[in-house]
Structures are given as C-alpha cells and as structure tokens.
Amino acid sequence: MILTGGCLCGAVRWRMEGAPSAVVACHCEDCRRTTGHHVACMTVDAAALTLDGAAPRWFASSETGRRGFCGTCGSNLFWTATDWDRIEIWLGSVDGPTGLTLSGHEFVGSKSDYYDIADGAPCFDRLAPEDRGFR
C-alpha cells in the first residue's frame, strides 16, 4: 500500500509505503485539544514514512510523546512516542481515498459529550488491542 498526504498549505508532504498496524480513532484529551475533535490515525513503521518539502515542527505534548505539525499552516499530521520506532499519521491528511477501515475507538472515557460513537466499531477505555504493543 502506498499513501501520500500533507498539510493544508502543501508545505509538508509525506509518503507512506506498507500496511499500517492499527487504524483507530483516539478520543484522548490531548488529541481532542490539539485537533478540536477526536483524531483518526494509522500506526506505521517510522522507516515507511518519507517526508518531502518543509520539515514538520514538533511539540512535546507529554513526557512520553510528541506531535508533528506544519510550521506554516499549523496542520496536525503526526504523533509519536519519544522511545518509539513507529509513527501515527492523521488520516485527515491523506490525499484521496485511503482504502482503510477503522478498527476501533480508544480512550472513549475521555471523549466529549457533544457526540456519540455509533459506527459499531469496538470501543476501549484505554488503547485498542492492536495499538497496545506500540504505546
């Protein structure tokens, strides 16, 4: 599988080759605050990701993780743990259809009250099982 994507202004572009190990919606407070809603993401080997154009800027959002975004338009693009060789790519940054299917929702205890999760995908209070080995 090959997917490409980037930020709103086009300064940061990325390309991913390979299959993601997890495709989840994260409802944790950090994801909600940085995006304004929950985030859908895919987890991939960092080596499968190549960047083109401007380098993303990184923000240490916790003691264990950091978030990558465009320094020009502010688009959120990535999350990774500080001791991890994997990276999560925000699915909203993908060019065109992804061909992927959401496997579950994680941190649903942190979701806000203004929406319901009604797509039938499994819900987890913490990490989704396929994501547990990576975070």
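### Description of the overall build of the protein
Summing up its helical and strand segments, the protein has 1 helix and 10 strands in all. Each helix (α) and strand (β) of the protein, taken in turn from the N terminus, gives the series β-β-β-α-β-β-β-β-β-β-β. For 135 residues, the compact-globule estimate of 2.2 N^0.38 gives 14 Å, and the protein sits close to it at 14 Å. When its C-alpha atoms are laid out on the principal axes, the protein stretches across 35 × 30 × 30 Å. Among the 135 residues that make up the protein, the fraction classed as buried is 41%. Long-range contacts, defined here as pairs at least 24 residues apart, represent 56% of the contacts in the protein between residues at least 6 apart. For the protein, the exposed surface amounts to about 7,000 Å²; the carbon and sulfur share of it is 50%. Here the protein contributes 12 positively and 17 negatively charged side chains, and the mean placements of these two sets differ by 4 Å.

### A word on the nonpolar core
Formed by 16 residues in total, the largest nonpolar core has its most connected members in W14, M16, M42, F78 and I89. Looking at this core, the elements that each hand over two or more residues are β2 (12–17), β4 (39–45), β8 (76–81) and β9 (86–90). Per-element accounting of this core gives the leading share, 3 residues, to β2. Beyond its immediate chain neighbours, meaning those up to four positions away, F78 contacts W14, L49, L51, P56, W58, R66, R67, G68, I87, E88, I89 and W90. Counting 12 residues, the second-largest nonpolar core is a separate cluster that includes C26, W79, A81 and L127.

### Thoughts on the sheet that holds strand β1 (residues 2–6)
The strand order β1-β2-β5 describes an open sheet built from 3 strands, whose pairing is antiparallel. Because the sheet does not close on itself, it has two edges, and the strands there are β1 and β5 (49–53). Going across the sheet, the axis of each strand differs from the next one's by a mean of 20°, ignoring polarity. In the sheet, β1 pairs with β2 via 5 bridges, with the strands oriented antiparallel. Counted as the bridge partner of I2 is E17 from β2.

### As for the sheet that holds β4
Across the sheet, which stays open at both edges, the 7 strands sit in the order β6-β7-β8-β9-β4-β3-β10 with mixed pairing between neighbours. Both edges of this open sheet fall to β6 (57–60) and β10 (104–106), since each of them pairs with a single strand only. Neighbour-to-neighbour, the strand axes of this sheet turn through a mean angle of 30°, independent of strand direction. Both β8 and β9 contribute to a ladder of 2 bridges, which runs antiparallel. Across the sheet, F78 pairs through a bridge with I89, a residue of β9.

### A few points about the environment of G92
Considering the arrangement of structural elements, one finds G92 in the loop between β9 and β10. G92 gets classed as exposed once you look at its relative accessible area, which sits at 77%. Between the C-alpha atom of G92 and that of G109, which follows or precedes it by 17 residues, the distance is 23 Å.

### Some points on unusual backbone geometry
The backbone of F107 sits at a positive phi, close to 55°, despite the residue not being glycine. Take F107: it is sitting in the segment after β10. Judged by relative accessible area, which is 12%, F107 ranks as buried.

Conventions adopted
Residues numbered from 1 in each chain as written. Predicted model: local features only at pLDDT ≥ 70, side-chain atom pairs only at ≥ 80, totals over all residues. Heavy atoms only, no water. Helix = DSSP H or I, 4+ residues; strand = E, 2+ residues; numbered from the N terminus. Rg over C-alpha atoms; globule rule 2.2 N^0.38 Å. Buried < 20%, exposed > 50% of the residue type's maximum accessible area, 1.4 Å probe, protein only. Contact = heavy atoms within 4.5 Å. Areas by Shrake-Rupley, 256 points an atom, 1.4 Å probe, with all protein chains shown as cover. Lys, Arg positive; Asp, Glu negative; His and termini not counted. Charge placed at Lys NZ, Arg CZ, Asp CG, Glu CD. Core = buried A, V, L, I, M, F, W, Y, C linked by side-chain atoms within 4.5 Å. Pairing = 2+ DSSP bridges. Axes fitted to C-alpha atoms, helices over the stretch in contact; angles between N-to-C directions.

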